[in-house]
Each structure stands twice: as structure tokens, then as C-alpha cells.
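One-letter residues, chain by chain:
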Amino acid sequence: MPTQRHWREIPQRYRLEGNFCPDCNRYFLPPRLVCPGCGRKELTPKKLSRKGKIVTFTVIRVPPKTQELKTPYPVAIVETEEGARLTCQVCDCEPSELRIGQEVEIVFREVMREGKTGVIMYGYKARPV
Ligand SMILES: [Zn+2]
């Protein structure tokens, strides 16, 4: 991920700042420019809950060549209490222990490094409760 993009995404990655459509009562993370339900462009910034559940997940056994990640690692779609759905890694668990519907909390972790001497990027991961 380019460093500039990472800096732009700090509010959502560090503080779970998504947004909300008051017409549809839907929450988004990452935040959207336009509501996919009604087309509204003025969405309200909203900090989301760190509690959620796993909607579905997969286990990555071959990581992207640009990253040095210990495999296998699970990646899940997590739905927050508000109903926003986000994709993230699941940490602090064995992939074989994960279940759909499992409750998780969203925690702040290192997510990526740009090489051995590059920038360390932080963001969110899910952890089973
Ligand atoms: Zn809407």
C-alpha cells in the first residue's frame, strides 16, 4: 500500500471512523462517498463500535509477494454492532478455531511493513472474544 494512501486512511484505520446514511440508517467502514442504497452524497461521519461478529472468513495460505506475513492467517468479513461490514485479518487465534457468527472485538495492530527498513503501517484486526 502506498504510504500516502495509508496516511489518508488513518482516521478509519486507527479510530474506526466510518460514516452513516440517515435516510437508509446504514453504516459504512471504510467510509463511502455515496450511499449505495439511495445515492445520498452527504453522509455523516460516525465512529463505530469495536464489537462485532464474523459474517464469513477464509484462510490465506499463500500471502501476497509484497508482504512478509506468517501463514496461514484468516481474513474475515466482520459486521459491527451498527451493521457496517469490514474486511480484516483475524489475530490471536488458530484458523481452525474460527466459526461464522463468532463474536470478535476490533483491535489496533500492525498490519503491514514496506520492506525491512520501510514504514510500519497500523490498522485494525479482529480478535475472537
Ligand atoms: Zn442511503
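The structure presented is a predicted model; accordingly, all values stated were derived computationally and were not measured. (Residues numbered from 1 in each chain as written. Predicted model: local features only at pLDDT ≥ 70, side-chain atom pairs only at ≥ 80, totals over all residues. Heavy atoms only, no water.)

*Asks:* Would you mind going over the coordination of the zinc ion with me for this structure?
*Replies:* The reference angle at a metal is 109.5 degrees if four donors form a tetrahedron and 90 or 180 degrees if six donors form an octahedron. Protein coordination of the zinc ion is provided by C21 (SG), C24 (SG), C35 (SG) and C38 (SG), with donor distances spanning 2.3 Å. Angles of 103 to 118 degrees at the metal separate the four donor atoms of the zinc ion, which places the site in the tetrahedral class. (Donors = N, O, S within 2.8 Å, 3.2 Å for Na, K, Ca; no water. Tetrahedral: all angles 85-135°; square planar, octahedral: opposite > 155°, others 65-115°.)

*Asks:* Which parts of the structure should I look at to understand the sheet that holds strand β4 (residues 51-60)?
*Replies:* Two orientations exist for strands paired in a sheet by backbone hydrogen bonds: parallel and antiparallel. Judged by pairing direction, the sheet is antiparallel, and its five strands sit side by side in the order β6-β5-β4-β7-β8 without closing on themselves. Bordering the open sheet on either side are β6 (85-89) and β8 (120-128), each of which pairs with just one other strand. On average, each strand axis in the sheet is tilted by 30 degrees relative to the strand beside it, whichever way the strands run. Inspection of the sheet shows β4 paired to strand β7 (residues 103-113) by three bridges, in the antiparallel sense. Bridge pairing links G52 to V104 in β7. (Pairing = 2+ DSSP bridges. Helix = DSSP H or I, 4+ residues; strand = E, 2+ residues; numbered from the N terminus. Axes fitted to C-alpha atoms, helices over the stretch in contact; angles between N-to-C directions.)

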